[in-house]
Structures are given as structure tokens and as C-alpha cells.
Amino acid sequence: MKAVRFHEHGGPEVLRYEDVNDPEPNSDEALVRVKACGLNHLDLWARNGLPNVAIQMPHISGSDISGVVEWVPSEERMFSRGDEVIVNPGIGCGRCEECLLGRDDRCREYKIIGYGTDGGYAELVRVRRTQLIRKPERMSFEEAASFPLVFETAYHMLVTKARVGPGDTVLVLAANSGVGIAAVQVAKLLGAGVIATTGDKETAEGARRLGADHTIDHYKQDILAEVKELTGGRGVDVVIEHVGKATWEGSLKALAKGGRLVTCGATTGADATTDLRYIYSRELTIYGSYMAGMGELLEVVKLFGNGKLKAVVDSVYPLQKAGEAQTRMEKSMHFGKIVLRV
Ligand SMILES: [Zn+2]
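None of the values given here were measured: they were computed from a predicted structure.

Caption draft 1: The arrangement of the overall build of the protein in detail. Looking only at helices and strands, the protein features eleven helices and 17 strands. Scaling as 2.2 N^0.38, a compact globule of 342 residues should have a C-alpha radius of gyration of about 20 Å, and the protein matches this with 20 Å. Taking the principal axes of the C-alpha coordinates as reference, the protein spans close to 60 × 40 × 40 Å. For the protein, the proportion of its 342 residues judged to be buried stands at 56%. Partitioning the intrachain contacts of the protein with sequence separation of at least 6 by distance along the chain shows that 69% fall at a separation of at least 24. Here the protein contributes 42 positive and 46 negative side-chain charges, whose respective centroids are spaced 3 Å apart.

Below, the structure is given as C-alpha cells:
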């Protein structure tokens, strides 16, 4: 098969479009012919290399995969060759208490496909059979490859962790990002008021179209001052944080008394400062959030299937142009998902 791999860490130039042996699935697994694969920041981290994370080389990235079942073992009952599927990007062992309680993301063997294993920048991918999910008919393969990772993350943050409801006001940072776009939509669906920060006029309009009630330009405006202004000095009930060092202090200060902050990332750096006085005197809660369970992803797929959530695809590149696609993401030129067509 053809695949895009890297044999060493580095910039986009280390990505090679090359011939690779077809993956050989075992009886727990299925083979999926990839039709589309969405990009995530995870792909850049894997390519650039992270301290303390060993990436097996050569490596095939790609965590958001849609495609067609190429092969399943004869004992498989739910899926057969030719079925159009989405692949759950998270893989738990399926047997431990955390997996069985629906908290796959806390499984000690938890891996993300395309990060801990080979992924979807390829014509074929080998996945656990239990990772297969039927693709909603109304979605194209590109749309179906654009949502699993970021939407299950946003769902886990807003529904499972912060338990957002109609009375809440939610501040979504970097609403132009994948998680941000997902969080605006999920928060709106839960009936919350949404304040979104974006980097320019176009993405602000995009966020408003998806349901944001107010937008703040995070380059030109002071987020904290604007939040106070918009909430009559009270602050927001929930902050969706994934920016890290650059926004962390402001995010805590933007919370109303009793507010909840949920974090799923630290794109600008992890060594943020926390003024503990805010935490105790204002009775704040901080939730860490990492991916989601299969059940949560199935809920999300249902919401896409009935049109309550909308896929936002920024651009589509052929597999050979994975380097160009990653460069677009690195430069933050996008609104929505960048997707590879295979
Ligand atoms: Zn497990």
C-alpha cells in the first residue's frame, strides 16, 4: 500500500509518501480501506518529537479515520466487508474496570491510533474490531474523518466533566481550533450561553454561525476585561481551556464564584502559574480531560447522524500532500478540520 511515514523527527520535510507492506490484522482486528483522515495537533507533536514520548519508527500518523471495511474475521457479526465506517481513535484494553465502566481513557493500556500505533495516513489501516463505528449516511467520508477526536474531547469536557446546562455561560478559548469549534457547538446544544475567542473577523463570524453568542478577538482585545463586561462583572461558569500558559491565569480569573475550568491541552506551554487564592476563595474546580469513552463517541456520532452537530471541514488535501496540509495547520491558517483524502 501507499502511506505517508516519517523515519525521524523533524519538520514537514521528514514526511515520505512511500510503498509500505499491507498491515496484517489478527483475529481481534479489522482492516479498513481509508477514504479520509483528519489532521490533529497530535500529528505535529509526534512528527516533531516530544520529550519522554517514544514514537515507534517509521511511523504513520492519523487519528481520525473514515473508510470502508476491507476485511473482518469470519466471527465478526456487526460489520462486514464493504461497510462504511468511522474508527474510534482511542483504544482501551476492553477488559479492565475503567474500560468496563466506560472510562476507556483511563485504561492503563490506553492508546490513540496514529500516535501509539500506526494510523490513517495510509491506504489501509489495521484497527481493533471494537473500534469500528457505522458512518452516518448523511456524512461524506471527509466530514466523517473531521470530528471524532475533537468532538469526543469536547463532549467529555462539557457533558461528562463540567456537566454544563442551560443556566451556564461557557467561555471557549481559541474557538477557531478543532476542539474550540466542537466545544461551541456542544455547549450551544446543551443550552448554554457561549462566549468564544478567535483570532480574526472571519473566524469570529464562523464561531457565531456555529452558535457563539459573543466573540472576543484574542489578539486585539483583553479576554478577561471583555468577559467581565459581557457578564456584568460576574465571570463565566465554565472555561474550556486548551491553550495553556498564555491564557491560564486569565482563564481562572474569568470564572465566576463556583466556576469550573476544564483543560485538555497546553498548546502554548504547560508551565502555567496558578494563584491558589483564586481556587479556594472563589471555590473553583479544575478538571483534567483526556479523550473520552467509546459510549461518549457513540453519543456524538448519533448527534451528527441526526444533524444536531455539524462537521466543519476547512480544506481537503490528497494523501501525497500531507506535508502541505500539516504546514497549513502549523500556521493556524485554518477554520475547521484539515482532511487528507486517500
Ligand atoms: Zn482497559
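Caption draft 2: Main features of the packing of helix α4 (residues 148-161) against helix α5 (residues 178-189). Packing of α4 against α5 leaves a shortest axis separation of 8 Å and a crossing angle of 50 degrees. With respect to α5, the element α4 is oriented oblique. Here α4 runs over α5; the crossing is right-handed. Where α4 approaches α5, its residues V150, F151, T153, A154, Y155, M157, L158 and V159 are matched on the opposing element by G178, V179, A182, A183, Q185, V186 and A187.

What counts, and at which threshold
Residues numbered from 1 in each chain as written. Predicted model: local features only at pLDDT ≥ 70, side-chain atom pairs only at ≥ 80, totals over all residues. Heavy atoms only, no water. Helix = DSSP H or I, 4+ residues; strand = E, 2+ residues; numbered from the N terminus. Rg over C-alpha atoms; globule rule 2.2 N^0.38 Å. Buried < 20%, exposed > 50% of the residue type's maximum accessible area, 1.4 Å probe, protein only. Contact = heavy atoms within 4.5 Å. Lys, Arg positive; Asp, Glu negative; His and termini not counted. Charge placed at Lys NZ, Arg CZ, Asp CG, Glu CD. Axes fitted to C-alpha atoms, helices over the stretch in contact; angles between N-to-C directions. Parallel < 35°, antiparallel > 145°, perpendicular 65-115°, else oblique. Left-handed = near helix turned anticlockwise from the far one by under 90°.

By themselves these figures say nothing about function.
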